[in-house]
Amino acid sequence: MPNQSTPAYIVDAFTDKAFGGNPAAVCILQEAKTDQWLQQVAAEFNLSETAFLQQEKANHWRLRWFTPTCEIKLCGHATLASAQVLLNELKLPYSTIIFSTLSGDLQASIHDGKSDHGLQTSAQIKLDFPRIFCSKIEQVPVAINALGLHQLAAYQAGEDIILELANEAEVLSYRPDFAAISNINEARGIIITAKSANRERDFVSRFFAPNSGINEDPVTGSAHCSLADLWRKKLGKNKLRAEQLSTRRGILDLVVRDTRVELIGSCVTVLKGELISK
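Nothing here was measured: the structure is a model prediction, and the numbers come from that model.

(A) Structural view of the pairing of strand β1 (residues 6-13). Burial within β1 is extensive, with seven of its eight residues counted as buried. Pairing of β1 with strand β2 (residues 22-28), which is carried by six bridges, proceeds in the antiparallel orientation. For Y9, the partnering residue across the bridge sits in β2 and is V26.

(B) Molecular detail of the pairing of strand β17 (residues 260-265). Extensive coverage of β17 is indicated by the burial of five of its six residues. Here strand β8 (residues 124-130) runs beside β17; their pairing, made up of six bridges, is antiparallel. Counted as the bridge partner of P130 is R260 from β17. In terms of strand pairing, strand β16 (residues 250-256) meets β17 through four bridges, oriented antiparallel.

(C) Broad picture of empty space enclosed by the protein. Tallying each qualifying case throughout the model produces two cavities of 30 Å³ or more. Counted as a void, the largest cavity has a volume near 110 Å³. Around the largest cavity, the lining comprises 16 residues; the ones closest to its centre are E49, I72, R188, F207 and I214. When contributions to the lining of the largest cavity are tallied by element, the ones reaching two or more residues are β13 (203-209) and β14 (214-217). A per-class count over the lining of the largest cavity returns six nonpolar, seven polar and three charged.

(D) Geometry of the nonpolar core. Grouped together as the largest cluster of nonpolar side chains are 54 residues, with contacts concentrated most on L53, W65, F99, I162 and L254. Membership of the second largest hydrophobic core comes to 20 residues, among which are I137, I181, A187 and L245.

(E) A look at a nonpolar patch on the surface. A grouping of F19, V270 and L271 is seen on the molecular surface, where their side chains present a nonpolar patch of about 290 Å² in accessible area. Positionally, L271 belongs in strand β18 (residues 267-275).

(F) A look at the side chain of T101. Within the element layout of this structure, T101 appears in strand β6 (residues 96-101). Given the relative accessible area of 9%, T101 is considered buried. A distance of 2.9 Å separates a polar atom in the side chain of T101 from the backbone nitrogen of S103. Polar contacts involving the side chain of T101 include one to the main-chain carbonyl oxygen of G104, which spans 2.8 Å. Other than its neighbours up to four places away in sequence, T101 contacts R62, L63, W65 and L106.

(G) Fine view of the state of the cysteines. As enumerated under the stated definition, the model contains zero disulfides in all. C267 carries a free sulfur, and the closest cysteine sulfur to it, the one in C75, is 11 Å from it.

(H) Fine view of the packing of aromatic side chains. Scanning the entire structure with this criterion turns up five aromatic pairs. Measuring from ring centre to ring centre gives 5.6 Å for F203 and W231, while their planes differ by 10 degrees; the resulting arrangement is stacked. Of the two residues, F203 is situated in strand β13 and W231 in helix α5 (residues 223-235); the sequence distance between them amounts to 28 residues. Here a set of aromatic residues connected by ring pairs shows up, and it is made of W37, F52 and F66. In this structure, K33 is placed above the aromatic ring of W37, and the distance from its NZ or CZ to the ring centre is 4.8 Å. We note K234 situated over the ring of W231; from NZ or CZ to the ring centre the distance is 5.8 Å.

(I) Representation of the pattern of salt bridges. Under the criterion given, the structure shown has 17 salt bridges. Across the pair R201 and E168 runs a salt bridge whose closest N-O atoms are separated by 2.8 Å. With R201 in the loop between β12 (190-195) and β13 and E168 in helix α3 (residues 168-173), this pair connects stretches of sequence that are 33 residues apart. Given a relative accessible area of 10%, R201 falls into the buried group. The closest approach of N and O atoms between R206 and E216, which form a salt bridge, is 2.8 Å. With R206 in strand β13 and E216 in strand β14, this residue pair connects regions lying 10 residues apart in the sequence.

Definitions and cut-offs
- Residue numbering note: each chain is counted from 1, following its sequence as written.
- Reporting of local features is limited, given that this is a predicted model, to residues whose pLDDT is at least 70; pairs of side-chain atoms are given and counted only at 80 or more, and all residues count toward the totals for whole chains, interfaces and linings.
- Side-chain numbers come from the whole structure's heavy atoms, not from hydrogens or water.
- Buried, partly exposed and exposed residues are distinguished by accessible area as a fraction of the type maximum, computed with a 1.4 Å probe on protein chains only: under 20%, between the cut-offs, and over 50%, respectively.
- Counting from the N terminus, the helices are the DSSP runs of H or I reaching at least four residues and the strands are the DSSP runs of E reaching at least two.
- A pair of strands counts as paired when DSSP detects no fewer than two bridges linking them.
- A 1.4 Å probe that fits into a set of points on a 1 Å grid over the protein atoms alone but cannot get out defines a cavity; an open set with protein on both sides within 12 Å along at least five of seven lines defines a pocket, and lining residues are those with an atom within 4 Å of a point.
- Grid points are joined across faces, edges and corners, and a volume is the space filled by probe spheres set on the points.
- All amino acids are sorted into three groups, where Ala, Val, Leu, Ile, Met, Phe, Trp, Tyr, Cys and Pro are nonpolar, Asp, Glu, Lys and Arg are charged, and the leftover types, Gly among them, are polar.
- Side-chain atoms within 4.5 Å are what join buried Ala, Val, Leu, Ile, Met, Phe, Trp, Tyr and Cys residues into a set we call a nonpolar core.
- Only residues whose relative accessible area exceeds 30% and that take part in no salt bridge are eligible for patches, with like-charged residues grouped when within 9 Å of each other and nonpolar side chains (Val, Leu, Ile, Met, Phe, Trp, Tyr) grouped when within 5 Å.
- Computed by Shrake-Rupley with a 1.4 Å probe, the accessible areas treat only the displayed protein chains as cover when residues are assessed.
- Here, a salt bridge means any Lys or Arg side-chain nitrogen found within 4 Å of an Asp or Glu carboxyl oxygen.
- Counting of polar contacts relies on pairs of N or O atoms within 3.5 Å, with two restrictions inside protein: one atom must be capable of donating a hydrogen and the other of accepting it, and residues adjacent in sequence are counted only when both atoms are side-chain atoms.
- Here, residues are in contact when the closest pair of their heavy atoms is within 4.5 Å.
- Criterion for a disulfide: a pair of cysteine sulfur atoms within 2.5 Å.
- Each Phe, Tyr or Trp ring (for Trp, its six-membered ring) is paired with any other whose centre lies within 6.5 Å, and the angle between the two planes then decides the class: stacked below 30 degrees, edge-to-face above 60, tilted in between.
- Only when the NZ atom of a Lys or the CZ atom of an Arg is both within 6 Å of the ring centre and within 35 degrees of the ring normal do we say a charge sits over the ring.

In structure tokens form, the structure reads like this:
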């Protein structure tokens, strides 16, 4: 019996323009695959994340995320891309998709309306993610001092460390030393952030995770689960608009609730095809 092919997509997430935002591969599994196969496919795509979906029942799907080198516990942009494929490409007849993941059940649905900044957000997708609470680090790890940054404060945010900088220009101009970042054993990744200089946004950020196979991630949904917590406390707002200042850039609208964060963004599908399994 021949092996089944695997439908595959590439979706640019957190952008309304092709070749912006963060590209994710989305593969819809017709049968169970080994972890080795999943990791090999993720390495083949060589994107920040590849999402693997397998239907469990009706609108419930198993979802796993792999970087080119490892499986991760939480990923925003590849979840947004997965919802884009199911809701807008396959047009499944459900208002909400539920993903079973290593971080528990996550929900995705079509979002219509305007952001708190009055900008149109129709045809976007809304994700319901866990809120990651931040705590200030009183004694910064020695390895952070080698990064060449002059942070105002540092925060532990789940698996990541957030460094708050003085302004947006410092975030944008920073030239990362990935070898130095790799020496920081206390974190999956390093997030740098500052208040936005643009009134249409509340804050900006960049994200680096060389130890997970991602030197600089274009747009990081999971990082905004903690950034939303930090900037809600600093700005006193539950609704926030953020931009990640990578080369590709990306926009996120955020709604902070008690223990959850809504991530709202657009997607563009740029490739449809299939993997020929062996």
